[in-house]
Amino acid sequence: MATNLSLKVDHREKTSGILEALSAYEDQFHVETLQLKTGDYLLNNQILIERKRLPDFIESIKTGRLFQQAYRMVHSRYHPFMILEGDKKEVRNSQMKREAIQGTLIHLTVFLGIPIIRSASIKETAQLIRFTALQLYEGNRHGMHDTIVKYPRFRLNKKQKAALRILGNLPGIGPERGMAILSAFSNLKDVFNASQDQLESINGIGPKLAESIHGLINEPFADQDTITIKPNKR
């Protein structure tokens, strides 16, 4: 079936082997290589695909880069999904706790709504992109996917925006980690009363950052004897 859907590929994926695997279906795609602002593949300006090799997925959890990418994807106007490629053997010695990986998957799928599909190889990843293209083509042809191009779904109210600004003043907390904290606690009081272990359990906040935040909130400024308060002049 000739679909000839547009497939924009980020230039960093040129050496991945995916394009070579897709060359067998060249009649189904009009391929353009360029620099995408987010994601690795953009299918027909509708579906945004992020491809992650398992070792890169684990490393990006540790650095917090994964959550930055995920939030950019969900705030784009496209429908995102992620392909995790590779064998579990590649990450057996990663020293990442299973609970941390599970927590990340929950945050990505349940709270951000990003579908994640496993792939065993480059060839299978190319097949997944092709299958997606075929279903998208059929859906578009029958008017089923008119609303698949979306707009940002995360709308913050005034209180949440104010809380996010306050959280942004904590060490190492940007918008992405701030949003993760907002989703983990019901109010700022709970955040400031949280234990170091509770802070560490939040996606994107590791032991060092949790220790830094907890210390800033709970350690005294100085000995009381060193604090001098001058009365206001009237």
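Details of the structure are given in the entry above.
Residues numbered from 1 in each chain as written. Predicted model: local features only at pLDDT ≥ 70, side-chain atom pairs only at ≥ 80, totals over all residues. Heavy atoms only, no water.

1. Remarks on the pairing of strand β1 (residues 5-10)
Then, number 1: The element β1 is largely enclosed, with a buried count of 5 among its 6 residues.
Then, number 2: Bridging between β1 and strand β2 (residues 29-34) involves 6 bridges; their strand directions are parallel. In the strand pairing of β2, L5 is matched with F29. (Buried < 20%, exposed > 50% of the residue type's maximum accessible area, 1.4 Å probe, protein only. Helix = DSSP H or I, 4+ residues; strand = E, 2+ residues; numbered from the N terminus. Pairing = 2+ DSSP bridges.)

2. A short note on the pairing of strand β6 (residues 116-119)
Then, number 1: The sheet contact formed by strand β5 (residues 79-85) and β6 spans 4 bridges and is parallel. Note that in β6 the partner of I83 across the bridge is I117.

3. Notes on helix α10 (residues 207-218)
Because each turn of an α-helix spans 3.6 residues, side chains separated by three or four positions end up pointing in the same direction.
Then, number 1: Its 12 residues place the ends of α10 16 Å apart at the C-alpha level, agreeing with the 16 Å of an ideal helix rising 1.5 Å per residue.
Then, number 2: Of the residues making up α10, those classed as buried are L209, A210, I213 and G215.
Then, number 3: Tucked into the core, α10 has its buried residues touching α7 (175-184) and α9 (196-200). (Expected span 1.5 Å × (residues − 1). Contact = heavy atoms within 4.5 Å.)

4. Some thoughts on the packing of helix α6 (residues 158-167) against α7
Then, number 1: The interhelical angle for the contact between α6 and α7, taken along N-to-C directions, is 120°, at an axis separation of 9 Å. Classified by the angle their axes make, α6 and α7 are oblique. Judged by the sense of rotation from one axis to the other, the crossing of α6 with α7 is right-handed. On α7, the residues that touch Q160, A163, L164 and L167 of α6 are P175, G178, M179, I181 and L182.
Then, number 2: Looking at the contact of α6 with α7, its residues break down into 7 nonpolar, 2 polar and no charged. (Axes fitted to C-alpha atoms, helices over the stretch in contact; angles between N-to-C directions. Parallel < 35°, antiparallel > 145°, perpendicular 65-115°, else oblique. Left-handed = near helix turned anticlockwise from the far one by under 90°. Nonpolar A, V, L, I, M, F, W, Y, C, P; charged D, E, K, R; others polar.)

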